[in-house]
Amino acid sequence: GTGNCGASMGCGGGIYAVNTPLHVGYCVITNNVASAAGGSMQWGGWGGGIYAYANHNVDIWSSDIVSNTANAEAISTIYSRGGGIAIRAATLSLKENQILNNVGSSAGTGGEGGGIFLYAVAEADVLSNTIRGNKASVNAGSGDGGGLYILFSGSSPIYLAANRIENNVTTPDHSG
């Protein structure tokens, strides 16, 4: 996903969807990286496993999103978001998934939403998922929302029910 969503950004290591409905069911999305530029560039990453932006409907069900990383660029100074899943400006249904061991940032800067990052979603149903062992950041820098981070939903309803959210970490020293 390195460089596919603007200068200094990588998005959607496994799945990248913009301006189109996205339906993912019974899939395994694993070991993907949204940004791994290397060299002297400073990159940030969104959605190591899945990145969706400006989609009318995003439905993800009965899938395993495991061991993905939003940013693996060691010199990055840009925050990275959504190690497993990053959704921006969409209507979301996330049901009965396993979101495990994903990392927002393994780079020099912080990460937000090691498992899931939701930004300006129109509406979201997050139901009956297991969100476990995710890390916002693996460095001592800042990190927020090891399992789930929701930013700027405005007055839109976000429903969280029957999820198992456990053993997620903001930063290695838990300072984020």
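Note that the structure is a prediction, hence the values are computed from the model and not measured.

A. Quick peek at the packing of aromatic side chains. Overall, the coordinates contain six aromatic pairs when judged by the stated rule. With centroids separated by 6.5 Å and ring planes inclined at 10°, the aromatic side chains of Phe117 and Tyr119 adopt a geometry described as stacked. Its relative accessible area of 0% is what places Phe117 among the buried residues. We classify Tyr119 as partly exposed; its relative accessible area is 29%. Ring pairs connect the aromatic residues Tyr16, Trp46, Tyr51, Phe117, Tyr119 and Tyr149, which therefore count as one cluster.

B. Structural view of the sheet that holds strand β18 (residues 123-127). Ordered by their spatial adjacency, five strands build an open sheet running β3-β8-β13-β18-β23, and the pairing between neighbours is parallel. Looking at the sheet topology across the chains shown, the edges are occupied by β3 (22-25) and β23 (158-161). On average, adjacent strands in this sheet sit at an angle of 5° to one another, irrespective of strand direction. Bridge count between strand β8 (residues 58-61) and strand β13 (residues 91-95): four bridges; the pairing is parallel. Its bridge partner being in β13, Val58 is matched across the sheet by Leu92.

Criteria and cut-off values
- Residues numbered from 1 in each chain as written.
- Predicted model: local features only at pLDDT ≥ 70, side-chain atom pairs only at ≥ 80, totals over all residues.
- Heavy atoms only, no water.
- Phe/Tyr/Trp six-rings, centres within 6.5 Å; stacked < 30°, edge-to-face > 60°.
- Buried < 20%, exposed > 50% of the residue type's maximum accessible area, 1.4 Å probe, protein only.
- Pairing = 2+ DSSP bridges.
- Helix = DSSP H or I, 4+ residues; strand = E, 2+ residues; numbered from the N terminus.
- Axes fitted to C-alpha atoms, helices over the stretch in contact; angles between N-to-C directions.

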